[in-house]
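Each chain is listed here by its residues.
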Amino acid sequence: KSGTEWWRDAVIYQVYPRSFKDSNGDGMGDLGGVTEKLPYLKQLGVDAVWLSPFYLSPQHDAGYDVADYRTIDPRFGTLDDFERMKDQAHELGLKIIVDLVPNHTSEDHEWFQAALASPIGSPERARYMFRNGKGENGELPPNNWKSLFGGPAWSRIDDGQWYLHLFDSSQPDLNWENPEIWEEFRSVLRFWLDRGVDGFRVDVAHGMVKAEGLPDWDEQVHMVEGTDVDEKGHAEKTMDTGPYFDQDGVHEIYRDWNQVLAEYPGERMLVVEAWIGPAERLALYVRPDEAQQAFNFDFLIAGWDRDRMRNAITDSLRVNQAVGAPSTWVLSNHDTVRHASRYGLSSRTAYPNGIGAEDEQPDAALGLRRARAAALVELSLPGSAYVYQGDELGLPEHTTLDAESREDPTFFRTEGQELGRDGARVPLPWSPVGNGLGFGPNPWLPQPETFENITVDHQLGNPQSVLNLYKNALRIRHEMALGRAQFEWDPMSEQNTQILAYRLTTDSGDTVLVAANAGDAAVEIPELTTGELLLASGQSAVMAGKLAADHTVWIKL
Ligand code: ISL
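Focus: the overall build of the protein
Next, step 1: On a plain count of helices and strands, the protein comes out with 18 helices and 23 strands.
Next, step 2: For the protein, the spread of C-alpha atoms along the three principal axes comes to 75 × 55 × 50 Å.
Next, step 3: Within the protein, the fraction of its 557 residues that count as buried is 54%.
Next, step 4: For the protein, the share of sequence-separated contacts (at least 6 apart) that also reach a separation of at least 24 residues comes to 64%.

See the structure below:
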């Protein structure tokens, strides 16, 4: 698809390397495992693979703490393994996107080690955010910022200075006012572009630049209209735009990287991970001279709620069209509770930080039904769709993980108050044969027993499986080029408050009606009788001209 800006309608599959496929039986996924399963991804029908970090790392934050941006962590393989994986992906026509973590390094990075070993005021310290503390002896942190993982965002070192870490204390924030940092990241981009990667997913893309003078966080000033969650994990229309996020200066970085990508042939892309709102603010990152895509988290946290989904879709299409960028659609990733479980909780917009055995347990059947219905919404919307590994299996959250197995720093920094993200990061169940469901005898996180019945092997053989629903949806999406179709709301969406309905007009002049029922009762859809049913989210989706609750259909008119 060269010359067509492939990413505009690409379906991009997120591989979380440690949990995707283990090729050597040590219980941790690796690049060899990715190579082994590329044919699986090809037959699933995706266009590209985004890999979460596989770089050298002490793994305090599962690889989002990078010790060397140009080296592969031996847990995952070697640079040769990467080259093999990338070459095979390209032979199969799959693009490769790698993760870039520019907001912070690992404490093990040679730069941070050098900073610790060098005096206050040295150029080594100037690569990070070192400050003197407040109080008589500097015993108080320089400001009131909190780490996103819990606890203070500052840690003190032996000589009394403090360093900033928006995440774990093992993830010191870089100082993006230092030109050396700019130089280094240009060079890191070129290192991977030279090795043929097709794009980068930018971690904490709204971070990096901090407000001048590092002012205190102030609820009055920094909580604005946008999209976030309250302390119970329910979607809120407010957003923390603290003095560490979404500063205007950050756009200079994307303009710079846009130029670096343009040096290379082929169509390389950047997708930014920025949890910010409102949609207009996010669209600034995908202006023509910046990144190509931004994750649409408004859609993710809309949950299975008709009005919230509708607003998220309308807003995203509007703001992206205005700048000429494609919208993106995401239901889950490695940081969120898996949607097949979220949708099974009593709140339709539940977005808990983690679900544990003590909490309300999701209704698995309900969650799965809605996950199937949501997949047919996600995969029919114009633009690019992200599938998190396991979405295609309808994988639920692991809700009974014990404290000893957990690894997420959120769990430790909040002293277990927040469970963290491990429940969404459990190794994929491939085959029912042997221990570890194709993941060696000791997967790094234990798989729940329920995974035994939803392995890839099981699902491939069952025409009604979630996996086959994804395959069918992706096949039709490709055949009809739905990702590039013209979108308009169907009048039904105005008349009925439980139905999400829109029409897609394809380049070849076909019209597809997508109708999702997010209400509690079956609803009559006249087109079910007059049109051709292309796909339904489940066997009981349609009965006597009616669309059942928690189901979606694609109808060709
Ligand atoms: O800003 C947020 C919420 O308002 C956060 O969700 C934040 O954007 C998010 O946690 C960033 O996540 C990414 O960077 C983290 C890493 O732990 C995550 O796995 C990664 O996806 C630190 O590198």
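Section: the site of the ligand
Next, step 1: Near the ligand there are 12 residues, and of these D61, Y64, F167, D203 and W275 occur at the shortest range.
Next, step 2: Its residues placed into classes, the shell around the ligand shows 6 nonpolar, 1 polar and 5 charged.

Re the domain arrangement of the protein
Next, step 1: Taken domain by domain, the protein comprises domain 1 (6-103 + 178-472), domain 2 (104-173) and domain 3 (485-556).
Next, step 2: The C-alpha centroid of domain 2 is placed 28 Å from the C-alpha centroid of domain 1.
Next, step 3: With 23 residues of domain 1 at the interface, the matching set in domain 2 holds 21 residues.
Next, step 4: Sorting elements by how many residues they give to the side of domain 1 that touches domain 2 places helix 14 (residues 409-413) first, with 3 residues.
Next, step 5: A class-by-class count of the residues in the side of domain 1 that touches domain 2 yields 9 nonpolar, 8 polar and 6 charged.

Observations regarding the sheet that holds strand 22 (residues 546-547)
The strands that make up a sheet are held in pairs by hydrogen bonds between backbone atoms, and each pair lies either parallel or antiparallel.
Next, step 1: Taken in spatial order, the 3 strands line up as 19-22-21 in an open sheet, and their pairing is antiparallel. The two strands at the open ends of the sheet, each matched to only one other strand, are strand 19 (523-524) and strand 21 (542-543).

Digging into the packing of helix 13 (residues 364-378) against helix 16 (residues 466-479)
Next, step 1: Two elements in contact, helix 13 and helix 16, have axes whose closest approach is 10 Å; the angle formed by their N-to-C orientations is 15 degrees. In terms of orientation, helix 13 and helix 16 fall into the roughly parallel class. The two elements helix 13 and helix 16 cross, and the hand of that crossing is right-handed. Residues R372, A375 and L376 of helix 13 touch helix 16, and the partners they reach there are V466, L469, Y470 and A473.
Next, step 2: For the contact of helix 13 with helix 16, the residue count by class is 6 nonpolar, no polar and 1 charged.

Here's the deal with the pairing of strand 9 (residues 199-202)
Next, step 1: With burial as the criterion, each face of strand 9 is covered, one bearing G199 and R201 and the other bearing F200 and V202.
Next, step 2: Direction of pairing for strand 5 (residues 95-100) relative to strand 9: parallel, over a ladder of 4 bridges. Each residue of the ladder has a partner; that of L100, found in strand 9, is V202.
Next, step 3: Where strand 9 lies against strand 12 (residues 269-272), 4 bridges are found, and the strand directions are parallel. Within strand 12, the position partnered with G199 by the bridge is M269.

Overview of the pairing of strand 2 (residues 48-51)
Next, step 1: Neither face of strand 2 is open: one carries A48 and W50, the other V49 and L51, and all of them are buried.
Next, step 2: Here strand 1 (residues 11-15) pairs with strand 2 via 4 bridges, running parallel. When the bridges of strand 2 are listed, Y13 appears paired with V49.
Next, step 3: As paired elements, strand 2 and strand 5 share 4 bridges and run parallel to each other. Counted as the bridge partner of V49 is I96 from strand 5.

Thoughts on the nonpolar core
Next, step 1: Judged by nonpolar contacts, the single largest core of 155 residues is most densely connected at V49 and V514.
Next, step 2: Here this core takes 7 residues from helix 13, the largest share from any one element.
Next, step 3: Leaving out residues up to four positions away in the same chain, V49 has contacts with Y13, V15, L41, A89, L94, I96 and I97.

Looking at the sheet that holds strand 1
Next, step 1: Judged by pairing direction, the sheet is parallel, and its 8 strands sit side by side in the order 13-12-9-5-2-1-15-14 without closing on themselves. Where the open sheet ends on each side, the last strands, each with one partner, are strand 13 (293-294) and strand 14 (328-330).

Topic: the environment of G509
Next, step 1: Counting through the fold element by element, G509 comes out in the loop between strand 17 (499-505) and strand 18 (511-517).
Next, step 2: With 17 residues separating them along the chain, G509 and P526 place their C-alpha atoms 21 Å apart.

So, unusual backbone geometry
Negative phi values dominate among residues other than glycine, just as trans dominates among peptide bonds.
Next, step 1: Cis geometry is found at the peptide bond from G277 to P278, where omega equals -10 degrees.
Next, step 2: Residue placement: P278 occurs in the loop between strand 12 and helix 9 (279-283).
Next, step 3: Backbone geometry places E5, a non-glycine residue, at a positive phi of 50 degrees.
Next, step 4: Tracing the backbone shows E5 in the segment before strand 1.
Next, step 5: One non-glycine residue with positive phi stands out, namely D550, at about 60 degrees.
Next, step 6: Considering the arrangement of structural elements, one finds D550 in the loop between strand 22 and strand 23 (551-556).

Remarks on the confidence of the model for the protein
For any part of a model where pLDDT is low, the fine detail of the predicted coordinates should not be relied upon.
Next, step 1: When pLDDT is averaged along the protein, the result is 95, and 96% of the positions lie at 70 or above.
Next, step 2: Predicted complex, confidence summary: ipTM 0.95, pTM 0.97.

Structural notes on the environment of P17
Next, step 1: Looking at the element boundaries, P17 is found in helix 1 (residues 17-20).
Next, step 2: Along the sequence, P17 and L31 sit 14 residues apart, while their C-alpha atoms lie 7.0 Å from each other.
Next, step 3: In this structure, P17 is in contact with G29, D30, L31, V34, L51, S52, F54 and F76, ignoring residues within four places of it in sequence.

Calculation notes
- Residues numbered from 1 in each chain as written.
- Predicted model: local features only at pLDDT ≥ 70, side-chain atom pairs only at ≥ 80, totals over all residues.
- Helix = DSSP H or I, 4+ residues; strand = E, 2+ residues; numbered from the N terminus.
- Buried ≥ 20, exposed ≤ 12 C-beta atoms within 10 Å, placed from the backbone.
- Contact = placed C-beta atoms within 7 Å.
- Near = placed C-beta within 6 Å.
- Nonpolar A, V, L, I, M, F, W, Y, C, P; charged D, E, K, R; others polar.
- Domains from an automatic or database assignment.
- Pairing = 2+ DSSP bridges.
- Axes fitted to C-alpha atoms, helices over the stretch in contact; angles between N-to-C directions.
- Parallel < 35°, antiparallel > 145°, perpendicular 65-115°, else oblique.
- Left-handed = near helix turned anticlockwise from the far one by under 90°.
- Core = buried A, V, L, I, M, F, W, Y, C linked by C-beta atoms within 7 Å.
- pLDDT = per-residue confidence, 0-100.

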